[in-house]
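# Coordinate analysis (summary)
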Amino acid sequence: MESAAQPTGVETPPAPTRARLSRALLAYFVGVVLVITLAPFRFAVPTRFHIFSVGEPFDLAANVLLFVPLGFLYPLTRAHGRRALVLEAAALGLILSGAIETAQLFERERYASAVDLLANGAGALAGAALQHAVGRRIRVSAETVGRLSLELPLMGLVYLLVPLLWVGSLAAREQPLRLAPLLLLGLFGGALLAGMQRHRFGPAGSLGVPGVAVAAAAWMALGLFPALVFHPRLALPVLAVVALATAWEASR
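Residues numbered from 1 in each chain as written. Predicted model: local features only at pLDDT ≥ 70, side-chain atom pairs only at ≥ 80, totals over all residues. Heavy atoms only, no water.

### Structural notes on the confidence of the model for the protein chain
Averaged over the protein chain, the pLDDT score is 80; the fraction of residues at 70 or greater is 83%. Looking at the elements of the protein chain, mean pLDDT is at its lowest for helix H5 (residues 142-151), recorded as 50, and at its highest for helix H10 (residues 232-251), recorded as 92. Within the model, the stretch residues 1-10 combines pLDDT values under 50 with four contacts to residues more than four positions away or in other chains. (pLDDT = per-residue confidence, 0-100. Helix = DSSP H or I, 4+ residues; strand = E, 2+ residues; numbered from the N terminus. Contact = heavy atoms within 4.5 Å.)

Structure (structure tokens):
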């Protein structure tokens with residue numbers, strides 16, 4: 001007996017495990033963004049408000065990447081099948097960034113920038129577009145998509161490590177030797193990705209060994225972005241080791 005195909009564009013609720021993890025991780029990333037952008041939280045009413053319209057290339061790239069995880073996670077908390085989720089994620093990024101930039105007007109050690117607002121919105125848009133593209137690319141089965149979309153709690157750990165890597169990378173700006181512990185975090189995250197590839201994505205035919213190595217490299221590059229700018233000669237070998245170790249572990 002033939003089963004009726006589900007029409008495209010029809011919204012389907014996310015799986016309970018994935019939805020809960022996605023919401024928790026989204027809240028977690030929002031908290032991390034607030035700490036990174038508003039610390040040390042020394043607010044005061046200024047005598048004059050200053051809004052900058054220019055920014056350094058590093059700050060521009062950092063503001064884009066900072067909001068990519070938010071844009072990637074937001075669609076996972078909502079129903080499937082809606083292209084408008086990409087625009088919703090961009091709007092969420094702009095609203096959150098607008099609130100942050102407004103708060104920075106009262107922060108003594110921060111400055112508000114219109115460029116940061118646009119960069120944050122672009123980052124959220126890029127993250128949501130990436131999630132949409134990845135979902136379409138690996139849509140071998142609903143089960144595979146669900147697993148990549150945080151149906152597996154282990155994927156939550158992979159996401160949780162990104163802010164730790166980012167903060168550690170910022171700390172390594174003045175002390176490059178602090179990159180050493182980040183290699184351990186990277187190897188741990190790579191082992192998680194390799195394990196999921198061997199037992200989940202690989203058997204489903206959605207992600208091979210080269211693919212998981214590239215995924216590990218991209219994930220590590222996102223976490224090590226500040227270090228890649230300040231100390232590329234030290235950060236690039238760390239990234240390469242994580243990618244190679246992930247590929248070796250996945251191929252066992």
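### Focus: helix H3 (residues 84-104)
Taking 1.5 Å as the rise per residue, H3 with 21 residues should run 30 Å; its terminal C-alpha atoms sit 30 Å apart, in good agreement. For H3, the set of buried residues is Leu 85, Val 86, Ala 89, Ala 90, Gly 93, Leu 96, Ser 97, Ile 100, Glu 101 and Gln 104. The buried residues of H3 occupy an angular sector of 150° when projected down its axis, which confines them to one face. Of the exposed residues in H3, those oriented more than 90 degrees away from the buried face are Leu 87 and Ile 95. (Expected span 1.5 Å × (residues − 1). Buried < 20%, exposed > 50% of the residue type's maximum accessible area, 1.4 Å probe, protein only. Arc of directions from axis to C-beta.)

### Topic: the environment of Leu 207
With respect to the helices and strands, the residue Leu 207 is situated in the loop between helix H7 (179-201) and helix H8 (209-223). For Leu 207, a relative accessible area of 26% corresponds to the partly exposed category. For the pair formed by Leu 207 and Met 196, sequence separation is eleven residues and the distance between their alpha carbons is 9.7 Å. Excluding residues that lie within four positions of it along the chain, Leu 207 makes contacts with Gln 197, Phe 201, Gly 202 and Val 212.

### With respect to the packing of helix H2 (residues 57-73) against H3
Taken N-terminus to C-terminus, the directions of H2 and H3 make an angle of 135°; their axes are 9 Å apart at the nearest point. Between H2 and H3, the crossing angle belongs to the class labelled oblique. For the pair H2 and H3, the crossing hand works out as right-handed. Across the interface between the two elements, Phe 67, Leu 70 and Gly 71 of H2 pack against Ala 89, Gly 93, Leu 96, Ser 97 and Ile 100 of H3. Looking at the contact of H2 with H3, its residues break down into five nonpolar, three polar and no charged. (Axes fitted to C-alpha atoms, helices over the stretch in contact; angles between N-to-C directions. Parallel < 35°, antiparallel > 145°, perpendicular 65-115°, else oblique. Left-handed = near helix turned anticlockwise from the far one by under 90°. Nonpolar A, V, L, I, M, F, W, Y, C, P; charged D, E, K, R; others polar.)

### Observations concerning the nonpolar core
Counting 53 residues, the largest nonpolar core has Phe 67, Tyr 159 and Met 220 as its most contacted members. Beyond its immediate sequence surroundings of up to four residues, Phe 67 is in contact with Val 33, Gly 93, Leu 96, Ser 97, Ile 100, Asn 120, Gly 123 and Ala 124. (Core = buried A, V, L, I, M, F, W, Y, C linked by side-chain atoms within 4.5 Å.)

### A closer look at empty space enclosed by the protein
One way to see where empty space is left: roll a probe the size of a water molecule over the atoms. Under the definition given, this model contains two cavities of 30 Å³ or more. Roughly 90 Å³ of internal volume is contained in the largest cavity. In this structure, the largest cavity is lined by Phe 29, Val 32, Val 33, Ile 36, Leu 65, Leu 66, Pro 69, Val 162, Pro 163, Trp 166 and Leu 222. Secondary-structure elements contributing two or more residues to the lining of the largest cavity are helix H1 (16-38), H2 and helix H6 (153-171). Looking at the lining of the largest cavity, the element that brings in the most residues is H1, giving four residues. Split by residue class, the lining of the largest cavity holds eleven nonpolar, no polar and no charged. (1 Å grid on protein atoms, 1.4 Å probe; cavity = no way out; pocket = protein on both sides within 12 Å on 5 of 7 lines; lining within 4 Å. Points joined across faces, edges and corners; volume = space filled by probe spheres on them.)

### Some points on the packing of aromatic side chains
In the structure shown here, the tally under the stated rule is four aromatic pairs. Note on Phe 41 and Phe 43: the rings are 6.4 Å apart at their centroids and 55° apart in plane angle, and the pair reads as tilted. In this structure Phe 43 comes out as partly exposed when scored by relative accessible area, which is 41%. (Phe/Tyr/Trp six-rings, centres within 6.5 Å; stacked < 30°, edge-to-face > 60°.)

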